[in-house]
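Observations on the three-dimensional arrangement
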Amino acid sequence: PALDDATYLRAQATLAAAVLQADALIGEILDGLPDDVTLILTSDQGYPLGERGWIGPGGGLYDVRTHVPLITLGPGWPSGWRVSALTSSEDLASTIAGHFLLPDSPATGEPLQSHFLGLAQPGSDPRALLLMADEARALRTARWLLHLPREGKPELYEKPADRYDQNDLSGPRFEVVEELTQALNELT
């Protein structure tokens, strides 16, 4: 259903209030946190605010839902570091295991330390991330997001240019859709 401006503005104001409240609570936690404690904040999914006609959790496997924050604070974590490469929630376990030098960790992701230690090669991100939900499957690469709904036609978005997944290129770039669909099918 189409969202009217009042609904969108109400959702935006509600989220802004929730973010301010969370920020204040995190500030209180940090004020009482000893210097030798690590704090890691993340989320299970993004929160659409009207993008693609959706407000709140859910809404397909588009970047607005799958792009989540990760904030680390404490000894050994550099301040202000950002990772521009594709990452997944699996990387969190490897990152934590690597940070605390845990032996024989069963973590399967890629530790993010290589990015802030300068070991990762800029622009060399060959990863493809498989995303799955009840309503769709998707494949995210550094250049593309292929979204395959359970019902309907495939959608293709160029990254990072199309940040909000608005310009479906599946028609003019059908060869990319075919290539990524085959790769996605091999992963599932």
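Rules of the game
Residues numbered from 1 in each chain as written. Predicted model: local features only at pLDDT ≥ 70, side-chain atom pairs only at ≥ 80, totals over all residues. Heavy atoms only, no water. Helix = DSSP H or I, 4+ residues; strand = E, 2+ residues; numbered from the N terminus. Buried < 20%, exposed > 50% of the residue type's maximum accessible area, 1.4 Å probe, protein only. Contact = heavy atoms within 4.5 Å. Phe/Tyr/Trp six-rings, centres within 6.5 Å; stacked < 30°, edge-to-face > 60°.

Along the chain, I40 falls in strand 1 (residues 39-42). Judged by its relative accessible area of 27%, I40 is partly exposed. Sequence-wise, I40 and T72 are 32 residues apart; in three dimensions their C-alpha atoms are separated by 4.5 Å. Setting aside chain neighbours within four positions, we find I40 in contact with L70, I71, T72, W77, L92 and I96.

Evaluation of the coordinates by the stated rule reveals two aromatic pairs. Seen in terms of ring centroids, Y62 and Y157 are 6.1 Å apart; in terms of plane orientation they differ by 75 degrees. Their pairing is edge-to-face. One end of the pair, Y62, is in the loop between strand 1 and helix 2 (63-66); the other, Y157, is in strand 6 (residues 155-158), with 95 residues separating them in the sequence. When the ring of W77 is compared with that of W81, the centres are 6.4 Å apart and the planes differ by 10 degrees; the resulting orientation is stacked. The class for W77 is buried, based on a relative accessible area of 8%.

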